[in-house]
Amino acid sequence: MTSALPRPSAIVIGAGPAGLMAAEQIAAAGFAVTVYDGMPSPARKFLMAGRGGLNLTHSEDFSRFVQRYGEASTRLSVILDAFPPETLRRWSAELGEETFVGSSGRVFPRSFKASPLLRAWLRRLEASGVTIRPRHRFEGFTEKGAPIVRDQAGEIVAHDAQVCVLALGGASWPRLGSDGAWVDMLRARGLDVASLAPSNCGFDVAWTKVFSSRFAGAPLKPVALSFEGETVRGEATITADGLEGGAVYALSARLREAIAAQGPCVIHADLRPDVGADVLAARLSRPRAGQSASTFLRKAAGLQPVAVALLRDVSRVLPDNADALAQLIKAAPVRLLSPRPIARAISSAGGVRWSELDDGLMLKRMPGVFVCGEMIDWEAPTGGYLLQGCFATGVVAGQAAATRLAALAG
Ligand SMILES: Cc1cc2nc3c(=O)[nH]c(=O)nc-3n(C[C@H](O)[C@H](O)[C@H](O)COP(=O)(O)OP(=O)(O)OC[C@H]3O[C@@H](n4cnc5c(N)ncnc54)[C@H](O)[C@@H]3O)c2cc1C
């Protein structure tokens, strides 16, 4: 008598949005899947993203949407097409979290939080046969290429899974779980992995002590930042050592590359983006009537105290000519020294190079091992593009893993 062979099974390592999405696809295809994560509970970075309202995706036209992924858009367009923003919104609604489009086109769940969505998702995953094992750390591969996962007691968890999906994230905010330690483990297997670098990050600026001690934390709002012909309007915040915020993040990939290539670079801040230089110059040519330069600038040009102080900090001596002063307000030069460390960035650039991956996101040199999420070499601005990219790659890797399992099951 022959006994039935056990169904082949899968493991996912990393319980962030990408890994959980991959697990969901595998379970939906009828295979057992265990998700390991090093942290005491899953999806900590996803929960942190919820503190900012959880910008799940973006509602703009799909062809424009795809271009946000820069060089990676060639490979990612097919992946995003397999799980586009509308499908992500439907998925969220099915979990009880309807979404809405905010004023800037960004998409949020109505609750503005990640926790209700995550709770409902974890319940559904458990019901569909996904087992989550927290406090289990991935430590690399055996010589034969089997993943090594160690439990809290230091024991190596033996598993005979036929497929493994790695969803280990990048290296930003390492206290939330993803620390990029996997980079060396994959390189040790001969894989080409681009070094992780800060993305959507702030930059160091050598403010004077007087300025930073008084204005650290102050927002420049609205502001338009320009670098090499690209202008981004939004918000920036002065920090003790530099500048951060949405407008800075949007330029951060180009700024990071420019600094790596040539050293410190200069961006120009338009501190009155709604008012033309001519109008400003006309207002600034009125008599000062005994007002101090700061008071005059605040009143005539409508500048916030932080903007006046920034002008003084970057130019030391303010021009007394109205036209030159207006030009300075429209394009205050701020010298950026270096990106802030990756641990403080919103996301990571770099990761497993696309050349290592087939269309199902399986490592060509390690058949049966798939990767998804931020650990692949792509980056995108904030605006929902990060989570959308993680979910979509999770869907594609999970479905390809399930197809492989089905083939193994015969
Ligand atoms: C403050 C903040 C706000 C954000 N807000 C938004 C937003 O509003 N919209 C948006 O689109 N994006 C946002 N992001 C980015 C988004 O959260 C990430 O891009 C996304 O979480 C990455 O998903 P992931 O599954 O690839 O990796 P992660 O979410 O980082 O998950 C990886 C998992 O792998 C585990 N892991 C790592 N290494 C190991 C190991 N060796 N062994 C075992 N487990 C391991 C980690 O514990 C973690 O749980 C934000 C990020 C931050 C930091």
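Check the entry above for the structure.
Residues numbered from 1 in each chain as written. Predicted model: local features only at pLDDT ≥ 70, side-chain atom pairs only at ≥ 80, totals over all residues.

Explain helix α6 (residues 115-127) here, please?
Helix length check: α6, at 13 residues, gives a terminal C-alpha distance of 18 Å against a target of 18 Å (1.5 Å per residue), a fit within 8%. Along α6, the residues that are buried comprise L117, L118, W121 and L125. Across the axial projection of α6, the buried residues extend over an arc of 95°, all falling on one side. With respect to the buried face of α6, the exposed residues turned more than 90 degrees away are R119, R123, E126 and A127. Packing partners of the buried residues in α6 comprise α1 (17-28), α2 (44-51), α5 (85-94), β5 (106-109) and β6 (130-133). (Helix = DSSP H or I, 4+ residues; strand = E, 2+ residues; numbered from the N terminus. Expected span 1.5 Å × (residues − 1). Buried ≥ 20, exposed ≤ 12 C-beta atoms within 10 Å, placed from the backbone. Arc of directions from axis to C-beta. Contact = placed C-beta atoms within 7 Å.)

Can you walk me through the sheet that holds strand β4 (residues 99-101) in this structure?
Adjacent strands of a sheet form backbone hydrogen bonds with each other and so pair up, either parallel or antiparallel. Spatial strand order, β3-β5-β4: 3 strands in an open sheet with antiparallel pairing. Each having just a single partner strand, β3 (57-58) and β4 make up the two edges of the open sheet. As paired elements, β4 and β5 share 3 bridges and run antiparallel to each other. Following the sheet pairing, V101 is matched in β5 by V107. (Pairing = 2+ DSSP bridges.)

I tried to follow the site of the ligand on my own but got confused; where do I start?
Around the ligand, 38 residues are found, and the nearest of them are G14, G16, G169, G177 and G373. Counting only elements with at least two residues in the shell around the ligand, the list comes to α1, α2, β7 (137-141) and α14 (385-409). For the shell around the ligand, the per-class residue count stands at 20 nonpolar, 13 polar and 5 charged. (Near = placed C-beta within 6 Å. Nonpolar A, V, L, I, M, F, W, Y, C, P; charged D, E, K, R; others polar.)

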